[in-house]
Amino acid sequence: MKQFYKLVSVVGLLLFTGVLFAQDGPTQRVRGRISENETDAEIIGATVRILFEDSTKLSTTTDLDGNYEFAKVPIGKHQLIVNYPGFETRSMTITVNTGRELIVDLKLSELVQEVEEIVILAQKEGEVKNEMATVSSQQFSVEETERYAGSRGDPARMASNFAGVQGADDSRNDIVIRGNSPLGIVYRVEGIDIPNPSHFAISGSTGGPVSIINNKSLANSDFFMSAFPAEYGNSVSGIFDLKLRNGNNRQHEFTGQFGFLGTEVLAEGPLSKKSKASYLIMGRYSTLSLFQFMGIKIGTDAVPVYGDGAFKFNFPLKNGGQIALWGMGGASDIAIKISDQKTLSEELYGEGDRDQFFGTSMFVSGLTYKKTLGEKTFLTATVSGAMDEQHTKHEYLFRSLDTINSEQINVRVDSSYTLLRYKFKTSRASAHLSFNHKFNRKHVLKFGVNADYLFFNMQDSVRPVYNGPWNLRWDYQGGSALVQPFLQWKFRISDKMDFTAGLHAQYFSLSNSISAAEPRLGWKYQFTKNQKVFAGAGLHSQTQPYYVYSFHQTDASGNKVYHNKNMDFTKSFHSAVGYERSFNKGFVVRAEAYYQYLYQVPVTVASSSFSMINQGSGFARFFPDSLKNTGTGTNYGFELTIQKYFSKSFYILFTTSVYDSKYVGSDGIKRNTSYNGLYTSNLLFGKEFKLNEKHMIGIGGKITVAGGKRYGYVDLAKTQAANELVFSDSLFNERQFKDYFRADLKINWRMNAKKATHEIGLDLVNILNTRNLLSLAYAPNLADPSAEPIAEKTQLGFLPIFYYRIEFKLGKAKEE
């Protein structure tokens, strides 16, 4: 039988090789693997075509391993189309450059109906890789999103352009989905939930100023915003399911980039000449700290220092499986030294009465095994270890006026003392096991389990009075297990209709919390060739920030009392319904409406406006009073996406969301959540101009408008007594800053030389220098102590971000 397939492949290669024309300009190799969607089994004899703008084409077929290859493809933008009898067609836009080979692996889904005549339903760009998802999901395309102006190469900021995702904070990359707290976001890699992948990450948060994840190490990934499949848990907001790409297993390649936010290198290639094993290694170091070392001023002495890296070693096995060793991590530090300031000024970061030293680190590494078992089952197993850590020290300053003249006010530091110090560290061991079994064309079952064991070491002490005793707020060492089994079934009723149903369970041993059965449902119906409707619903639960469980109080005898250790999960019911229509040339209109009800949200035992629903953003922890799981919240809204995927040298993306997000604390009053901006809209566009066979100029823009941040009224008396901002509890979130507005512009030039690709880009963030408000800050006035100690903090102004990138091949490609 294999000889027959081999003969078919060879004949197909000869018969379907398309128009061969003179390749006068630079070319590049394009190759990849075509496999079955549910089982990852190779598809032999699939037809793969590359269509050019002049309607000419190249064509080939896949071999016995499902591989295809085009040796010489002209550089530029082309359409890649894959089809095979009895399977859906896949098509996508590809970008071919001289600096590196293009490897495109695609999966095809089998059609339900067997027909003699080939009937094709094409899978469109933007559809998620997870076959169980039907609603509120978006594919994160690295190539597509990298064009977005203002994204700074950050996957989280790129995702903020999707409908329903709010990204109106220049200082952080927190992901706010449909009015939910960023606490509800889960990042996942190779089936494993990972710690917050951000530099300068506050304990318990999911975002930060700079992402540790570099999109150059990613393959296309999935982003879920509501009612996600049963394999995902411990989240009431959204899932970012990241896929790490393999290195090139036939050609050594190098990418180097120097830019304002980082200097980075990436190397990939085959590990040996005798196997198909590959490596990918990359690293980045903050360019701002290099500027400081060279004595170049950047507007502030508080220079963030950070570095990060990632790797993946992939080893195909003789039995058809593969093992991958992968990892990513980073470390960051910043010293905000007010004591070095000799004149009164507003520092870019920090508070005005202390020196602050803050640092974080994060690392995760794992081993993943994947294997097709027979023709019906696909196995994935991962084991991993991870660590995240945050540490800080505050030195309180006693300052006084030195001299005052008409031009400036000079100050001096009389003395100082250590006010605060803490170190939070969480280590974890994780395992993921899942089976995908395809019973027949209509029925697919996926089941498995995720298990984590976490070990906490949390120390925190504060000394509010000079030379006074230390108050130990955190002093906890302990462990906990988090176990999440799942079961998911997909029923393909017809080629036009899918139905999914699943169950997710969750157990957290620290609080002895159990969510025994969380149902998940999804439905999708393509009622015409270019129109479909879809719906989904599900029950979801989530643990609280881990450091909240370990915060203690002291009883009359001096014993520690962990008053929040038994907090239960926050739970949320998600529902959504939508409609999508596609047009020719990659144009899509998508509308979606949703409703979410949150319950068992932690609120204070004493009557107050506090709710955990408002936590998760900013650069401060909170210090919980006694909490109970009686709070509630609601989110509902409508979203619209109008998108033209990149083709014919340009793209357009318009997204808008109108929503309302409310909650009820223990005082029984319904209020706006801290993330209730009421609306957010993005307009992105870009155009590439081909100057000749080697040179291209790209121009892109982005305009964002969103409702302003919520805030309350300051209690001046309590603020002055506490030396920090204290807001009125009864008037919490009663006010709103003016609407957020930002315009970005991106310009890049790319040259394809014979063996290298050069690119120079300039990302002009906030090109109009709009001074959007970020927050209020405690800022005592030394020159006028009677003045209100409140200042408005604005977000980043105009920020030009430049970069230079080079990609090139090293040596000759290894032949198969």
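Predicted model only: the values in this text are computed from it and were never measured. (Residues numbered from 1 in each chain as written. Predicted model: local features only at pLDDT ≥ 70, side-chain atom pairs only at ≥ 80, totals over all residues. Heavy atoms only, no water.)

Let's shift gears to the overall build of the protein. The helix and strand tally for the protein stands at 6 helices and 46 strands. The C-alpha radius of gyration of the protein comes to 28 Å, within 12% of the 28 Å expected for a compact globule of 816 residues. Summarising its shape, the C-alpha atoms of the protein cover approximately 85 × 60 × 45 Å along the three principal directions. Per-residue burial over the protein gives 56% buried out of 816 residues. Intrachain contacts of the protein at a sequence separation of at least 6 include 66% that bridge at least 24 residues. (Helix = DSSP H or I, 4+ residues; strand = E, 2+ residues; numbered from the N terminus. Rg over C-alpha atoms; globule rule 2.2 N^0.38 Å. Buried < 20%, exposed > 50% of the residue type's maximum accessible area, 1.4 Å probe, protein only. Contact = heavy atoms within 4.5 Å.)

A separate point is the sheet that holds strand β16 (residues 218–224). Strands sit in the order β9-β16-β17-β12-β13 across an open sheet of 5 strands; the sheet is mixed. The sheet terminates laterally at β9 (137–140) and β13 (192–194), the two strands that pair on one side only. Averaged over all neighbouring strand pairs, the angle between strand axes comes to 25°, with direction disregarded. (Pairing = 2+ DSSP bridges. Axes fitted to C-alpha atoms, helices over the stretch in contact; angles between N-to-C directions.)

Pairing analysis gives 19 bridges linking strand β25 (residues 409–438) to strand β26 (residues 443–462), with the strands arranged antiparallel. Each bridged residue has a counterpart across the sheet, and for Phe 424 the counterpart in β26 is Met 458. The turn linking β25 back onto β26 is made up of 4 residues.

On the secondary structure map, Thr 543 appears in the loop between β30 (531–542) and α5 (546–549). Note on Thr 543: relative accessible area 5%, which makes it buried. Setting aside residues up to four positions removed in sequence, Thr 543 forms contacts with Asn 234, Leu 482, Gln 506, Phe 508, Tyr 549 and Phe 569.

This next bit is on the sheet that holds strand β3 (residues 57–61). Ordered by their spatial adjacency, 4 strands build an open sheet running β3-β2-β5-β6, and the pairing between neighbours is antiparallel. In this open sheet, the two edge strands, each paired with only one partner strand, are β3 and β6 (90–96). Recorded for the sheet is a direction-independent mean angle of 20° between the axes of neighbouring strands.

Turning our eyes to something else, we now look at the packing of aromatic side chains. Summed over the entire model, instances satisfying the criterion amount to 34 aromatic pairs. Plain terms: the ring middles of Phe 435 and Phe 447 are 5.4 Å apart, the flat faces sit at 20° to each other, and that makes the pair stacked. Of the two residues, Phe 435 sits in strand β25 while Phe 447 sits in strand β26, which places them 12 residues apart along the sequence. Given a relative accessible area of 33%, Phe 447 falls into the partly exposed group. Put simply, the rings of Tyr 422, Phe 424, Trp 474, Tyr 547, Phe 551 and Phe 623 touch in pairs and so form one group of aromatic residues. Positioned above the aromatic ring of Tyr 562 is the side chain of Lys 565, whose terminal nitrogen or guanidinium carbon lies 5.6 Å from the ring centre. (Phe/Tyr/Trp six-rings, centres within 6.5 Å; stacked < 30°, edge-to-face > 60°. Lys NZ or Arg CZ within 6 Å of the ring centre and 35° of its normal.)

Right, let's get into the nonpolar core. In this structure, Phe 456, Met 458, Phe 508, Tyr 546, Tyr 547, Val 548 and Met 612 are the most contacted members of the largest nonpolar core, which totals 36 residues. Top contributing element to this core by residue count: α5, with 4 residues. Discounting chain neighbours no more than four positions away, the residues touching Phe 456 are Lys 425, Thr 426, Tyr 476, Gln 477, Gly 478, Ser 480, Leu 510 and Tyr 546. In terms of nonpolar packing, the next biggest core, distinct from the first, is built from 30 residues, Val 142, Ala 159, Ala 310 and Val 364 among them. (Core = buried A, V, L, I, M, F, W, Y, C linked by side-chain atoms within 4.5 Å.)

Now for the pattern of salt bridges. Summed over all chains, the structure comprises 45 salt bridges. For Arg 492, the salt bridge is made with Asp 498, and the minimal N-O distance between the two is 3.6 Å. Taking relative accessible area as the criterion, Arg 492 reaches 4% and is therefore assigned buried. Here Asp 498 falls in the buried class, since its relative accessible area comes to 10%. For the salt bridge of Arg 750 with Glu 759, the shortest nitrogen-to-oxygen distance reads 3.9 Å. (Salt bridge = Lys/Arg side-chain N within 4 Å of Asp/Glu carboxyl O.)

Further remarks concern the environment of Val 561. Inspection of the secondary structure assignment puts Val 561 in strand β32 (residues 560–561). Given the relative accessible area of 34%, Val 561 is considered partly exposed. For the pair Val 561 and Met 387, spaced 174 residues apart in the sequence, the C-alpha separation amounts to 27 Å. With residues up to four places along the chain from it excluded, the contact list for Val 561 reads Phe 551, His 552, Gln 553 and Asp 555.

The next point concerns the pairing of strand β29 (residues 513–528). Strand direction decides the pairing type here: strand β28 (residues 497–508) and β29, joined by 11 bridges, are antiparallel. Bridge pairing links Leu 503 to Pro 519 in β29. Connecting β28 to the next strand, β29, in antiparallel fashion are 4 residues, including Asn 512 with a positive phi near 55°. As paired elements, β29 and β30 share 7 bridges and run antiparallel to each other. When the bridges of β30 are listed, Tyr 525 appears paired with Val 533. The hairpin formed by β29 and β30 contains 2 residues between the paired strands.

We now examine unusual backbone geometry. In this structure, Asp 40 takes a positive phi of about 65° despite not being glycine. Assignment of secondary structure puts Asp 40 in the loop between β1 (27–36) and β2 (47–51). On the accessibility criterion, Asp 40 (12% relative accessible area) is buried. Notably, Arg 178 is not glycine yet its phi reads approximately 55°, a positive angle. Summarising the element assignment, Arg 178 is placed in the loop between β11 (176–177) and β12 (185–189).

This part takes up the environment of Gly 359. With respect to the helices and strands, the residue Gly 359 is situated in strand β23 (residues 354–373). Sequence separation between Gly 359 and Ser 427 is 68 residues, and the spatial gap between their C-alpha atoms is 17 Å.

The next subject is a nonpolar patch on the surface. Taken together, the side chains of Leu 271, Phe 315, Leu 317, Leu 325, Leu 367 and Val 383 make up a nonpolar region of the molecular surface, amounting to roughly 450 Å² of accessible area. Residue placement: Leu 317 occurs in the loop between β21 (305–316) and β22 (322–336). We classify Leu 317 as partly exposed; its relative accessible area is 32%. (Patch = residues over 30% accessible without salt bridge, like charges linked within 9 Å, V, L, I, M, F, W, Y side chains within 5 Å. Areas by Shrake-Rupley, 256 points an atom, 1.4 Å probe, with all protein chains shown as cover.)

Right, let's talk about the confidence of the model for the protein for a bit. Per-chain confidence: the protein averages 86 in pLDDT, with 90% of residues scoring 70 or above. Overall, residues 1–23 carries pLDDT values under 50, and its contacts beyond four positions in sequence, including any with other chains, amount to 28 contacts. (pLDDT = per-residue confidence, 0-100.)

Note on placement: Leu 716 falls in helix α6 (residues 716–722). Note: C-alpha distance between Leu 716 and Glu 788 (72 residues apart in sequence) is 7.6 Å. The residues touching Leu 716, leaving out its near neighbours within four places in the chain, are Glu 788, Pro 789 and Ile 790.

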